[in-house]
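# Topology and contacts: notes
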Amino acid sequence: MKKVLGFLAALWPLAGIGARAEPDCASPARIEAPIGGPLQRLHRVEDYQAILQSCTNADKERLAIRAMRVGGEEFLLTVDSKSLDTSIERRTCWTCREPKGTSRFQQLVAQFADDPGNRLKPGATWLDNAGLKHGHGEGAFLTADLCPSRKSLDRDFLQKLEKAGPATQIALSVSGLWIAHHPEDFDWLRREKAEGRLAITFVNHSYTHPYRPGLPTGQNFLLAPGLDKDREIFDVERLLIANGETPSVFFRFPGLISDAGWMQALKDDHLIPLGADAWLALEQKPREGAIILVHVNGNEPLGLSKFQDLSLRGALPTPFLPLTRAP
Ligand SMILES: [Zn+2]
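Predicted model, so just to flag it, every value in this text is computed and none were measured.

### Let's talk about the sheet that holds strand β7 (residues 140-146)
Strand order in the open sheet formed by 7 strands is β12-β10-β9-β8-β7-β14-β13, with parallel pairing between adjacent strands. Sheet topology places β12 (272-273) and β13 (278-279) at the edges, where each strand pairs with a single neighbour. In this sheet, β12 lies alongside strand β10 (residues 247-251) in parallel orientation, the contact comprising 2 bridges. By the bridge assignment for β12, phenylalanine 251 is matched with proline 273.

Structure (structure tokens):
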């Protein structure tokens, strides 16, 4: 017994610094959320805040855009300012300070927020399809939206897509309510990603994604009165992180509808608005560098059949590229 107490006493000083094993600072952090387990609640991610700091760890340098706490430990959501890849990192592994100068990522955020093409037309109060609408490179950027829906995920479509090659690139714009109401479909997506069949970039599509048929556009979607902008943005990110996934730097407005206030909110939260120039159900034709838009939430089969038609006719620009390469 004496021996055991001595052993515990020797450990005691460690308890003050968290009583954890030395953190692995060489690789990004993993928030445990086993595939096949229950959906984790967003409240698991606490004290969630937008920040902007330049952080270093050994020879690595990243911008931190969010700070948070999970299970008593501090984490950061970080961006590679050149490649735009995001990662979750342990706060304790990084030394952070005010950013000096303006990185490529900060320039992009400012550019899309202030893009003259986004200015309001005379008499209009809202913006349609503001933000990144067309990408660079040979191929296209496939984006698929998951607005709240009573229907199931279009798994058949995604499984056909997987046959295009290993880890087919797709950006999924997820709404918080879609994830909350489709835990099994979300789990299925996580598995397809983890096992290398789909390379998924998660795009924020707002938490509640309001839509009421018949309401004027200027009062519909995220322009519905009474919304808390930070919650619409942050709660999707928290839900993704709570479930072991990593949000990207992209935000797609429901219906592609926004206004100056929302553009400012995205800028303040260091996000890039994602539009589209080939919404297939609207008969928009994809050319090289297109940002293709379909829905895989069961609500827009027309877009998926157009996709198959174009694919069969060889009229889809390929390969599909990671969305981070679009700006
Ligand atoms: Zn939507």
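Having seen the structure, we can now continue with the description.
### Focus: the pairing of strand β2 (residues 60-70)
In this sheet, β2 lies alongside strand β1 (residues 45-57) in antiparallel orientation, the contact comprising 9 bridges. Bridged to cysteine 55 within β2 is arginine 62. Here β1 folds back onto β2 in antiparallel fashion, the turn holding 2 residues, of which alanine 58 has a positive phi close to 55 degrees. With 7 bridges joining them, β2 and strand β3 (residues 73-79) adopt antiparallel strand pairing. Across the sheet, the residue bridging to alanine 64 is threonine 78, located in β3.

### Remarks on the nonpolar core
Formed by 86 residues in total, the largest nonpolar core has its most connected members in Phe141, Ile170, Leu172, Ile291 and Ile292. Looking at this core, the element that brings in the most residues is helix α6 (residues 229-242), giving 6 residues. Those residues in contact with isoleucine 170 that lie beyond four places of it in its chain are Leu142, Ala144, Leu161, Leu198, Ile200 and Phe320.

### Considerations on helix α7 (residues 260-268)
Along α7, the positions that sit buried rather than exposed are Trp262, Met263, Ala265 and Leu266. Along α7, the residues classed as buried sweep out an arc of 160 degrees about the axis, all on the same side. On its buried side, α7 packs onto α2 (104-114), α6, β10, β11 (257-258) and β12. Downstream of α7 by one or two residues, histidine 270 has phi in the positive range, about 60 degrees.

### Re the sheet that holds β1
Spatially, 5 strands are ordered β4-β3-β2-β1-β5 in an open sheet, and the strand pairing comes out antiparallel. The sheet is open, and its two borders are formed by β4 (86-90) and β5 (95-97), each paired with just one other strand. Strand after strand, the sheet turns through a mean of 45 degrees between neighbouring axes, direction not considered. Sheet topology places β3 next to β4; 5 bridges connect them, and they run antiparallel. Bridging across to β4, leucine 76 finds its partner in glutamate 89.

### Here's the deal with the confidence of the model for the protein
Note: predicted coordinates in regions of low pLDDT should not be interpreted at a detailed level. Put simply, the protein has an average pLDDT of 93, and 93% of its residues get 70 or more. Across residues 1-18, confidence stays below pLDDT 50; counting only partners more than four residues off in sequence or on other chains, it has 1 contact.

### A word on the packing of α2 against α7
Following both chains from N to C, one finds α2 and α7 inclined at 175 degrees, their axes separated by 9 Å at the closest point. The orientation of α2 relative to α7 falls into the category roughly antiparallel. Every residue of α7 that contacts α2 at Val109, Ala110 and Ala113 is listed here: Met263, Gln264, Leu266 and Lys267. Residues that form the contact of α2 with α7 fall into these classes: 5 nonpolar, 1 polar and 1 charged.

Calculation criteria
Residues numbered from 1 in each chain as written. Predicted model: local features only at pLDDT ≥ 70, side-chain atom pairs only at ≥ 80, totals over all residues. Pairing = 2+ DSSP bridges. Helix = DSSP H or I, 4+ residues; strand = E, 2+ residues; numbered from the N terminus. Core = buried A, V, L, I, M, F, W, Y, C linked by C-beta atoms within 7 Å. Buried ≥ 20, exposed ≤ 12 C-beta atoms within 10 Å, placed from the backbone. Contact = placed C-beta atoms within 7 Å. Arc of directions from axis to C-beta. Axes fitted to C-alpha atoms, helices over the stretch in contact; angles between N-to-C directions. pLDDT = per-residue confidence, 0-100. Parallel < 35°, antiparallel > 145°, perpendicular 65-115°, else oblique. Nonpolar A, V, L, I, M, F, W, Y, C, P; charged D, E, K, R; others polar.

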